[in-house]
Amino acid sequence: MCLAIPGRIEEILDEDLQLAKANVSGVRRTINIGLVHDEDEKIEVGDWVLIHVGFAMSKIDEAEAVTQLKALEEIGEAYEQELRELSVSRIE
Amino acid sequence: MKYVNEFRDAKIAQAVAAQIATLADPQRHYKVMEICGGHTHTIYRHGIKDLLPESIELVHGPGCPVCVLPMGRVDDGIAVAEHPEVIFTCFGDMMRVPGSKGSLLEIKARGADVRMVYSPLDALRIARENPDREVVFFAIGFETTAPSTALTLRRAKREGIKNFSVFCNHVTIVPPVRALLDSPDLRLDAFIGPGHVSTVIGCRPYEFISADYGKPVAVAGFEPLDLLQSIMMLMQQLADGRCEVENQYSRIVPWEGNLAALKSMSEVFELRPFFEWRGLGFIAQSALKLSPAYAEFDSELRFSVPGVRVADPKACQCGEVLKGVLKPWECRVFGTSCTPEHPLGTLMVSSEGACAAYFNFGRKSREREPVGAGE
Ligand code: SF4
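Notes on the structure follow. (Residues numbered from 1 in each chain as written. Chains lettered and ligands numbered in written order. Predicted model: local features only at pLDDT ≥ 70, side-chain atom pairs only at ≥ 80, totals over all residues. Heavy atoms only, no water.)

Counting its regular elements, chain B contains 16 helices and 13 strands. A globule of 375 residues ought to have a C-alpha radius of gyration of about 21 Å, and chain B, at 21 Å, matches this closely. When the 375 residues of chain B are sorted by exposure, 63% land in the buried category. Considering only residue pairs separated by 6 or more positions, chain B has 77% of its internal contacts joining residues 24 or more positions apart. (Helix = DSSP H or I, 4+ residues; strand = E, 2+ residues; numbered from the N terminus. Rg over C-alpha atoms; globule rule 2.2 N^0.38 Å. Buried < 20%, exposed > 50% of the residue type's maximum accessible area, 1.4 Å probe, protein only. Contact = heavy atoms within 4.5 Å.)

Put into structure tokens, the structure is as follows:
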């Protein structure tokens, strides 16, 4: 649960509830973007974010996302478990 | 994969390691604590220790939320989960944490409705789907995770969901670090500051470590090279006789933290006067409970919890390992009666726990992947 995993925003689902669709290593799930989406800095489709327990924690650039994904793939089991847990998530 | 190479390039790693070696005074012994369990994992996974001179010792800190939860709180959670009307939700790692009479996984096998969730928002959805049941979310985690619980509770309040509550075990990172600094057991020279927690709280909360205790701090990322660079920054400070808070992870961590996250936390939570930490005992103002505005969602007010302090099993030495006094392999049950498959202590449960990290990677040096290998 302590992992933060990079995901790419594919769709803003609900501005009011601050929900977006993110793609994490091919797993597409709804996440909350309330901590990073405000007047000053809007999250847009195509942006990369670090996701922790279903919430975007910070916006990151693509270079950082690629680096972190590579590192996560290398840690193997813990990341696979995180992806399994993510895959049962149905945030509304 | 050019980006990856920038961080993994063996030449850069070796150059940084060489710089660390020239900065370290061979006559001295340096104790550097990495506060965060994620860093502990990287250190063992990549054999960072092998790149450092003998004079630098890495000491594992208390920054793994599963590890620091005392057994009494696990038992309290289990007591709530055993109510027949309750659907008890928690993160995957929590299911296997041993309580004094078994784990959540074991009571689930005996018929309790315990469900693993990825996010507190999943727990809230389960509450929406089961209006005739009481849904409880077992909230754990440092400031990294607390804002997620806060936003979930805001949503529950806004929707007027009545059958949802949170068993709050969120803790804060600064008080245990202060407790370690005050402890006579341990003389630390410098700190590697946590990465993810700092995205929320920023770097300012660590300033007391340099201002009041005269120790340098470097907030670090999770790549092997991030850790090496932060150790280099710390050794440079020590060599210069400086002590400051530096931010090696500025590409992610803003100095001021995440204001939206901090605001949500201050609205939904308040500090508990005391909270028990595994191995560290009671620490003042080190944990969060729901604020009066959110009291209706507080599981501890909705259900009676035993609230009894339970001592760790005699054989366990998690406390000493959490304080950095013992190394994982020095615990008398390490790898024998305590393994990742059958954890006796919490440090064996989550992959960020020092004992699990060492069990999985540290001791099997053959399988360890050196920094920069093959790139
Ligand atoms: S080996 Fe097990 S009992 Fe010993 S310190 Fe580690 S987790 Fe605790």
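Structure's up, so let's keep going.
All names here are of chain B. Spatial strand order, β4-β3-β5-β6: 4 strands in an open sheet with parallel pairing. Looking along the sheet, the strands with just one partner apiece sit at the ends: β4 (114-116) and β6 (164-170). If you compare each strand with its neighbour and ignore which way they point, the axes differ by 25 degrees on average. Running at roughly 175 degrees to strand β5 (residues 134-141), helix α7 (residues 120-129) makes contact with β3 (86-90), β4, β5 and β6 of the sheet. (Pairing = 2+ DSSP bridges. Axes fitted to C-alpha atoms, helices over the stretch in contact; angles between N-to-C directions.)

Moving on, we get to the side chain of R278 of chain B. All names here are of chain B. Within the secondary structure, R278 sits in the loop between β11 (274-277) and β12 (281-284). For R278, the side chain forms a polar contact with the main-chain oxygen of L69, separated by 2.8 Å. Engagement of the side chain of R278 in a polar contact is seen with the side chain of D312, the distance being 3.2 Å. Residues contacting R278, with those up to four places away along its chain left out, are C67, V68, L69, P70, M71, P98, D312, C318, L322 and T346. (Polar contact = N/O pair within 3.5 Å; in protein donor to acceptor, adjacent residues only side chain to side chain.)

This part covers the packing of helix α8 (residues 146-159) of chain B against helix α13 (residues 259-268) of chain B. All names here are of chain B. The contact between α8 and α13 brings their axes to 8 Å, and the two run at 60 degrees. Along this stretch, α8 crosses α13, giving a crossing that reads as left-handed. Packed against α8, whose contacting residues are A146, P147, A150, L151, L153 and R154, the element α13 presents A261, K263, S264, M265, E267 and V268 at the interface. (Left-handed = near helix turned anticlockwise from the far one by under 90°.)

Glancing now at the layout of surface pockets. Of the pockets and cavities examined, the largest pocket occupies roughly 420 Å³. Lining the largest pocket are 24 residues, with E77, A78 and Q81 of chain A together with V349 and S351 of chain B sitting closest to its centre. Elements with a minimum of two residues in the lining of the largest pocket: α2 (77-87) of chain A together with α16 (354-362) of chain B. Sort the elements by how many residues they give to the lining of the largest pocket and α2 of chain A lands first, with 5 residues. Of the residues belonging to the lining of the largest pocket, the class tally is 11 nonpolar, 6 polar and 7 charged. Taken domain by domain, the makeup of the lining of the largest pocket includes at least three residues from each of domain 1 (1-311) and domain 2 (318-367) of chain B. (1 Å grid on protein atoms, 1.4 Å probe; cavity = no way out; pocket = protein on both sides within 12 Å on 5 of 7 lines; lining within 4 Å. Points joined across faces, edges and corners; volume = space filled by probe spheres on them. Nonpolar A, V, L, I, M, F, W, Y, C, P; charged D, E, K, R; others polar. Domains from an automatic or database assignment.)

Here we come to the site of the ligand. As a structural note, the neighbourhood of the ligand is formed by C316, Q317, C318, V321, C331, V333, F334, C338, G345, L347, M348 and C355 of chain B. In the shell around the ligand, the residues fall into 10 nonpolar, 2 polar and no charged. (Near = heavy atom within 4 Å.)

Facing the 40 residues of chain A at the interface are 45 residues of chain B. When chain A packs against chain B, the two sides together hide about 3600 Å² of surface, and 60% of this comes from carbon and sulfur. One can count 3 salt bridges joining chain A with chain B. Across the pair E92 of chain A and R128 of chain B runs a salt bridge whose closest N-O atoms are separated by 3.2 Å. Residue assignment for the side of chain A that touches chain B shows that the elements contributing at least two residues are β4 (48-52), β5 (55-60), α1 (62-75) and α2 of chain A. The residue inventory of the side of chain A that touches chain B, partitioned by class, reads 23 nonpolar, 9 polar and 8 charged. (Buried area = accessible area lost by both parts, 1.4 Å probe. Salt bridge = Lys/Arg side-chain N within 4 Å of Asp/Glu carboxyl O.)

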